[in-house]
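Chain by chain, the residues run as shown.
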Amino acid sequence: MDATYIKNHIEQLKKDIYRYVQHKTLLKYTGNPLVDENQLFYMLLPFFNGDHWDDEKYEGIITVGIVQASLAEHGLINEYDATSKEQQLTVLSGDYYSGRYYEILANSGNISLIRQLSESVVLRSEHEIRVYEPRQYAIDDWLDSITVIETECISRFYQLYNYDQYLNIMQINLLILRLQNELLNYREGNSSLLLQKMIESFVPVDHLNFEQYLLKKLDVLIQQLQELLRISSIKAELKQYIAERLIR
Amino acid sequence: MEKMKLKMIYSDLKPDIEIIENELEKALYSTSHVLNDASLHLLRAGGKRIRPLFVLMSAKFGHYNIDRMKYAAVPLELIHMGSLVHDDVIDHSDMRRGRPTVRSQWNNRVAMHTGNFIFGRAIQYVSQIKDPKAHQILARTMVEICNGEVIQIEDKFRLNQNLKDYFRRIKRKTALLIESSCEVGAVVANVDPAVTMRLKRFGYYVGMSYQIVDDVLDFVSTDKQLGKPAGSDLLQGNITLPILLMKDHPKIIQFIERASKGIVTEEERLEMLQIVRNSDSIQEALKVSDQYLAKAMKEVEQLPEHPTKKKLRDIALFIGKRKF
């Protein structure tokens, strides 16, 4: 197994997700569903690592991808004006994907995964809406929220099929990747609302400014991930694949 | 007054409807203050709860147990609620049932998260039911509602559409969810398949009638009764049955053209309302609604003898004759 093998499988999963939610009008106005390749990698990780795998699980990760795409579409809605045809159809594409994940699992009778994914949608919505709460959250609360937003759907899949050994690695890695992305946007002056909230909550310690704090936090997380990888029993090629994608 | 009439029809189901109401409140509880406020705001805005009512009434023809039926009745209302929250984003609506919408009170993003939260809760709730058939019906309905809305957006301000386009649209927009309420209620209560089919068709016909009446009320009711400006459907480009029945009227053509550009004045809105109200199209549309009601009644006649038959008849009549 090499990086090409991994990439081919990720590409195939992406195509399958597109195929399951194909809709002529939505495709025309809103394009393909938004899927994150890093998340797709973690959905496939048990398969790559040689764990028991079957059609039910593959269908399961397709629906995990569809749920993530549904919520990602809704993240594109403008706060105050969604009156353009594209925006209106973006609302509907998210709803359509949400109906499709449910329909796919209902047709195969996978009620357990339906339950897990619906719970993850509830939890994600609760965390995504935090940026609009008047309450002040501590910076660690925001890190928890990012973790839920980035990883909850996959976590539920892992928990249902007893893939717990990958849970911490996946959570820390996806948190790192999101923070790195937020940091890049911050440097370019395009901070997300979530990052702005983090900045508001930031209390300077040891004369560090927010950017230095974030870099230090990322260093700690990367060390944690490296340690987890070191003691993990996952295949060496997979450890290498993960490590190569960490920008230090 | 209208709600009182409805309550009288289902008076013997009152304790169970109260259970559903409490369960709805529980289902909408969140650790997030904004979600709690937004959801409870919706819940307290009222609504007729006709979907849970149809679930329960259909279940009466089988093994009725409220502790089990609530897992079907509550999600049906939640799906309806969630789609209203998202619809208000699409339509840029400020008011619903006389109260500010979630999007106008907070913003579109909050409305998106609230809708997703409610949909999530609906599916979480219904996942207590293990029979895949119930899930297949609900899931198909959710997908079809979206398809209907996509078509509605495609058809906006399009006058060269026919009655078939309209019926297909309202089937998906409204009738399917009422049809599914009846079917899911019957499936979960293990109602005989032939009876389930009749209940399903009953729901479909009632749903079609319900939407036609809704479309008529949008023109004939006052702003106060509607809790939003009368004629809002047409202002947003939705060509409903009363308009389709008079689509060649030059003033209507002109109004739609101006509405598509967003340049309609208040005077023009009032003039349009007057034209529609004075036309035959209102009565014609209500006749079509009555035809659907007659079909619904026919289905009721063929149901097995049961005290609920009369209630189904009464509720169908209420829907056809309601004033808002």
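This structure is a prediction, so every number in the text was calculated from the model and none was measured. (Residues numbered from 1 in each chain as written. Chains lettered and ligands numbered in written order. Predicted model: local features only at pLDDT ≥ 70, side-chain atom pairs only at ≥ 80, totals over all residues. Heavy atoms only, no water.)

### Thoughts on the overall build of chain A
What counts here: Strands are runs of DSSP state E lasting at least two residues, helices are runs of H or I lasting at least four, and both sets are numbered from the N terminus onward. The cut-offs for exposure are 20% and 50% of the maximum accessible area for each residue type, with area from a 1.4 Å probe on protein chains only; residues under the lower value are buried, those over the upper are exposed, and the others partly exposed. The criterion used for residue contact is that any of the two residues' heavy atoms lie within 4.5 Å. Per-residue and other accessible areas follow the Shrake-Rupley method at a 1.4 Å probe size, with only the shown protein chains counted as cover for residues. When charges are counted, Lys and Arg are positive and Asp and Glu negative, with His and the chain ends excluded. By convention, charge coordinates are those of NZ in Lys, CZ in Arg, CG in Asp, or CD in Glu.
When you go through chain A residue by residue, the secondary structure sums to 11 helices and zero strands. For chain A, the α and β elements follow one another from N to C terminus as α-α-α-α-α-α-α-α-α-α-α. Burial analysis of chain A (248 residues in total) assigns 55% to the buried set. When contacts within chain A are restricted to residue pairs at least 6 apart in sequence, long-range pairs at least 24 apart make up 73% of them. Total accessible area on chain A stands at roughly 10,900 Å², and carbon and sulfur atoms take up 47% of it. Side chains of chain A give 24 positive and 35 negative charges; the mean places of these two sets differ by 3 Å.

### Some points on the overall build of chain B
On a plain count of helices and strands, chain B comes out with 17 helices and two strands. In chain B, which comprises 324 residues, the share counted as buried stands at 61%. Pairs at least 24 residues apart make up 75% of the contacts formed inside chain B by residues separated by at least 6 positions. By element, 52% of the accessible surface of chain B is carried by carbon and sulfur atoms, the whole surface being about 13,000 Å². Within chain B, one finds 50 positive and 41 negative side-chain charges whose respective centroids are separated by 2 Å.

### Looking at the packing of aromatic side chains
The line we're drawing: Here the aromatic set is Phe, Tyr and Trp, taking the six-membered ring for Trp, and pairing holds for ring centres within 6.5 Å; pairs whose planes are under 30 degrees apart are stacked, those over 60 apart are edge-to-face, and all others are tilted. By the criterion adopted, a ring carries a charge over it if an Arg CZ or a Lys NZ lies within 6 Å of its centre and within 35 degrees of its normal.
One pass over the structure, following the stated rule, counts 26 aromatic pairs over all chains. Here the aromatic rings of Phe54(B) and Phe202(B) are separated by 6.0 Å at their centres, their planes lie at 70°, and the arrangement is edge-to-face. Placement of Phe54(B) in helix 4 (residues 50–59) and of Phe202(B) in helix 10 (residues 193–220) is noted, with a sequence separation of 148 residues between them. Its relative accessible area of 0% is what places Phe202(B) among the buried residues. A network of ring pairs unites the aromatic residues Tyr5(A), Phe41(A), Tyr42(A), Phe47(A), Phe48(A), Trp53(A), Phe157(A), Tyr158(A), Tyr161(A), Tyr163(A), Tyr166(A) and Tyr241(A) as a single cluster. The residue whose ring lies beneath Lys60(B) is Tyr64(B), and the NZ or CZ to ring-centre distance is 4.0 Å.

### Observations concerning the pattern of salt bridges
When the charged atoms of two side chains lie near each other, side chains of opposite charge can form a pair. Threshold: The term salt bridge refers to a side-chain nitrogen of Lys or Arg lying within 4 Å of a carboxyl oxygen of Asp or Glu.
Across all of its chains, the model carries 44 salt bridges over all chains by this definition. Across the pair Arg140(B) and Glu103(A) runs a salt bridge, and its minimum N-O distance is 2.5 Å. With Arg140(B) in helix 8 (residues 132–154) and Glu103(A) in helix 5 (residues 85–107), this pair bridges two chains. For Arg140(B), a relative accessible area of 39% puts it in the partly exposed group. With a closest N to O distance of 3.1 Å, Glu305(B) and Lys309(B) form a salt bridge.

### Examining the packing of helix 4 (residues 55–74) of chain A against helix 5 of chain A
Residue and element names in this part refer to chain A. To keep things clear, this is the line we draw: Fitted lines through C-alpha atoms give the axes, limited to the stretch in contact for helices. The angle between two N-to-C directions lies from 0 to 180 degrees. Put simply, angles under 35 degrees are roughly parallel, angles over 145 are roughly antiparallel, angles from 65 to 115 are roughly perpendicular, and the rest are oblique. Crossing handedness: left-handed means the near helix sits turned counterclockwise from the far one by under a right angle, and right-handed means the same turn made clockwise.
Here helix 4 crosses helix 5 at 160°, and the two axes come no closer than 8 Å. Between helix 4 and helix 5, the angle is such that the two are roughly antiparallel. Relative to helix 5, the crossing made by helix 4 is left-handed. On helix 5, the residues touching Glu59, Thr63, Ile66, Val67, Ala69, Ser70, Glu73 and His74 of helix 4 are Thr90, Val91, Ser93, Gly94, Asp95, Tyr97, Ser98, Tyr101, Ile104 and Leu105.

### Some remarks on unusual backbone geometry
In this structure, Asp206(A) is a non-glycine residue whose phi angle is positive, near 55°. With respect to the helices and strands, Asp206(A) occurs in the loop between helix 9 (193–201) and helix 10 (210–231). Phi at His92(B) takes a positive value of approximately 55°, unusual for a residue other than glycine. Mapped onto the fold, His92(B) is located in the loop between helix 5 (66–91) and strand 1 (95–96).

### A closer look at the side chain of Asp91(B)
All names here are of chain B. Tracing the chain through its elements places Asp91 in helix 5. A relative accessible area of 19% places Asp91 in the buried class. Beyond its immediate chain neighbours, meaning those up to four positions away, Asp91 contacts Lys156 and Gln236.

### Considerations on helix 4 of chain A
Residues and elements named next belong to chain A. As a reminder, the rule being used: Multiplying 1.5 Å by the helix residue count minus one yields the expected span of that helix. A 3.5 Å cut-off defines polar contacts: any pair of N or O atoms within that distance qualifies, except that in protein one atom must be a possible hydrogen donor and the other a possible acceptor, and neighbouring residues in sequence count only when both atoms are side-chain atoms.
Spanning 20 residues, helix 4 covers 29 Å between terminal C-alpha atoms, matching the ideal 28 Å at 1.5 Å per step. Of all 20 residues making up helix 4, 16 are buried, and the element is well covered by its neighbours. The distance from a side-chain oxygen at the start of helix 4 to the backbone nitrogen of Glu56 is 3.2 Å, and the residue carrying that oxygen is Asp54.

### Observations regarding the nonpolar core
If you look at soluble globular proteins, the nonpolar side chains tend to sit buried side by side. Applicable threshold: Here, the term nonpolar core denotes a set of buried Ala, Val, Leu, Ile, Met, Phe, Trp, Tyr and Cys residues that are joined through side-chain atoms within 4.5 Å.
In terms of nonpolar packing, the biggest core is built from 193 residues, with Phe41(A), Tyr42(A), Tyr158(A), Met198(A) and Phe54(B) touching the most fellow members. Examining the composition of this core, we find that 12 residues originate from one element, helix 5 of chain B, more than from any other. The contacts of Phe41(A), once residues within four sequence positions are left out, are Ile6(A), Ile10(A), Phe48(A), Leu238(A), Tyr241(A) and Ile242(A).

### Observations concerning the state of the cysteines
The condition is simple: Only a pair of cysteine sulfur atoms within 2.5 Å counts as a disulfide in this structure description.
Within this structure, the stated rule accounts for zero disulfides over all chains. Cys153(A) takes part in no disulfide bond, and the closest cysteine sulfur to it belongs to Cys146(B), at a distance of 18 Å.

### A short note on the confidence of the model for chain B
Under the convention used in this document: pLDDT runs from 0 to 100 and stands for how confident the predictor is about each residue.
On average, residues of chain B carry a pLDDT of 94, and 98% of them reach 70 or more. Averaged over each element, pLDDT in chain B is lowest for helix 1 (residues 2–9) of chain B (75) and highest for helix 7 (residues 108–126) of chain B (98).

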